[in-house]
Amino acid sequence: MNEIKTQNIQWFPGHMTKTKRLIEASLKLVDAVAEIKDARIPISSSNPDIEELIGKKPRIVLLNKCDMADNQVTAQWISYYNSKGIPALAIDCKSGKGQNNFVPATRKLLSNLIEAKQKKGIPNPTIRVMIVGIPNVGKSSFINRVVKKNRAKVEDRPGVTRGGQWFTLDRGFELLDTPGVLWPKFEDQTVGERLAFTGAVKDQILDAELLAVRLLDLFKEIKPPIFIERFKLTDDELEMESYDLLGVIAKRRGMLISRGEPDTERAAIMLLDEFRAAKLGKISLETPKEL
Ligand code: G4P
């Protein structure tokens, strides 16, 4: 098995500097920032500089893909963010679950600002929110869901040169898409792996066996019930070295090469595919305890 190769980061610093500049300029145009994360990996699906970039701007966290995450763990994440004074919502852009809470939660977050504007004689001030998130976290899906199709608009405004696109929601509420590309913390191997588990890192040359073994390392701790049931795994098997456990999984699926040896490579690809399709159950790979 080879080392996992994550994104080539040669060009990363230059792009990041450009994105930072775009975000800093765009922040002046918005009242709040909505940060979308993958509910299964809220730590790894974050941009490492985002908090510093956002500064004191009010912020709301959207835990997307909650249809694939463990509901209890998602609830723990919501409590975690709330304890930091940050509202957080579980959303699922596949079904639209939770999306209706976005506007009311953001208005509540900005209630002081709205009140101040109303006192100044603006009865219905327009709320402007920037959507940020690393690639693949579901930004486009979210925008497509919450923006009424015929009301989506592309508009150039001062301060936003490239990438920043404005969308109008109902009742004086506007969204600005992430200007530029916000990358995750690729230089961290664990982050790279977790993004690869979820399929967020797609076009890389990855060693499927190594990746599956790492995923099994996590499963052995999490013990996802549907995964255990699907492969009829015993307690003893769950104590095995992860590579041997992959062999057991291969055998259970009849994936064999010559002389009855398990085809661990095929099993690895199958396991990763099934995890990405949520066939192994609703599994969260990160909890607030890791922080
Ligand atoms: P981005 O703009 O942040 O890069 O992300 P995008 O909306 O393109 O979403 C990335 C992938 O995640 C898409 O799948 C999208 O369908 C999927 N996705 C987004 N939100 C959710 C969610 O809440 N639940 C689930 N299960 N999936 C979600 P894809 O395979 O790239 O494309 P496709 O399957 O939609 O064709």
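Preceding this paragraph is the structure being described.
Rules behind the numbers
Residues numbered from 1 in each chain as written. Predicted model: local features only at pLDDT ≥ 70, side-chain atom pairs only at ≥ 80, totals over all residues. Heavy atoms only, no water. Helix = DSSP H or I, 4+ residues; strand = E, 2+ residues; numbered from the N terminus. Buried < 20%, exposed > 50% of the residue type's maximum accessible area, 1.4 Å probe, protein only. Contact = heavy atoms within 4.5 Å. Pairing = 2+ DSSP bridges. Near = heavy atom within 4 Å. Polar contact = N/O pair within 3.5 Å; in protein donor to acceptor, adjacent residues only side chain to side chain. Areas by Shrake-Rupley, 256 points an atom, 1.4 Å probe, with all protein chains shown as cover. Nonpolar A, V, L, I, M, F, W, Y, C, P; charged D, E, K, R; others polar.

*Asks:* Explain the overall build of the protein residue by residue, including any values.
*Replies:* A tally of regular secondary structure across the protein gives twelve helices and six strands. Relative to its full complement of 291 residues, the protein shows a buried share of 50%. A fraction of 70% describes how many contacts in the protein between residues 6 or more apart in sequence connect residues 24 or more apart.

*Asks:* I'd like to hear about the pairing of strand 4 (residues 127-132), residue by residue, with values.
*Replies:* The buried fraction of strand 4 amounts to five of the six residues, a majority that puts the element mostly inside the structure. Relative to strand 4, strand 1 (residues 32-38) runs parallel, the two sharing four bridges. When the sheet's bridge partners are listed, V33 is paired in strand 4 with M130. Pairing of strand 4 with strand 6 (residues 173-176) involves four bridges; the strand directions are parallel. Bridge pairing links R128 to E174 in strand 6.

*Asks:* Which residues make up the site of the ligand, and what values go with them?
*Replies:* With respect to spatial proximity, 16 residues lie near the ligand, and among them C93, N136, K139, S140 and S141 are the closest. With respect to the ligand, the backbone of C93 contributes an N or O atom lying 2.7 Å from an oxygen atom. A total of 700 Å² of accessible area belongs to the ligand in isolation, and the protein chains cover 64% of it. Of all the elements, helix 6 (residues 139-146) adds the most residues to the shell around the ligand, at three residues. Grouping the amino acids of the shell around the ligand by side-chain chemistry returns five nonpolar, five polar and six charged.

*Asks:* If you had to explain the side chain of D38 to someone new, which residues and values would you point to?
*Replies:* Examined against the element boundaries, D38 turns out to sit in strand 1. D38 sits in the buried class, given a relative accessible area of 4%. Setting aside residues no more than four positions away along its own chain, D38 makes contact with S45, N64, K65, V137 and T198.

*Asks:* So what about the environment of Y80? Which residues, and what values?
*Replies:* Secondary-structure assignment places Y80 in helix 3 (residues 71-83). Setting aside anything within four residues of it in sequence, one finds Y80 in contact with P288 and L291.

*Asks:* Outline helix 11 (residues 242-252), supporting the account with residue identities and numerical values.
*Replies:* Among the residues of helix 11, S242, L245, L246, G247, V248, I249 and A250 are the ones counted as buried. On the buried face of helix 11, the contacting elements are helix 8 (208-222), helix 9 (225-230), helix 10 (235-238) and helix 12 (264-276). Just beyond helix 11, the residue with positive phi is G254, at close to 70°.

Honestly, that's just the spatial picture; any functional story needs more than this.
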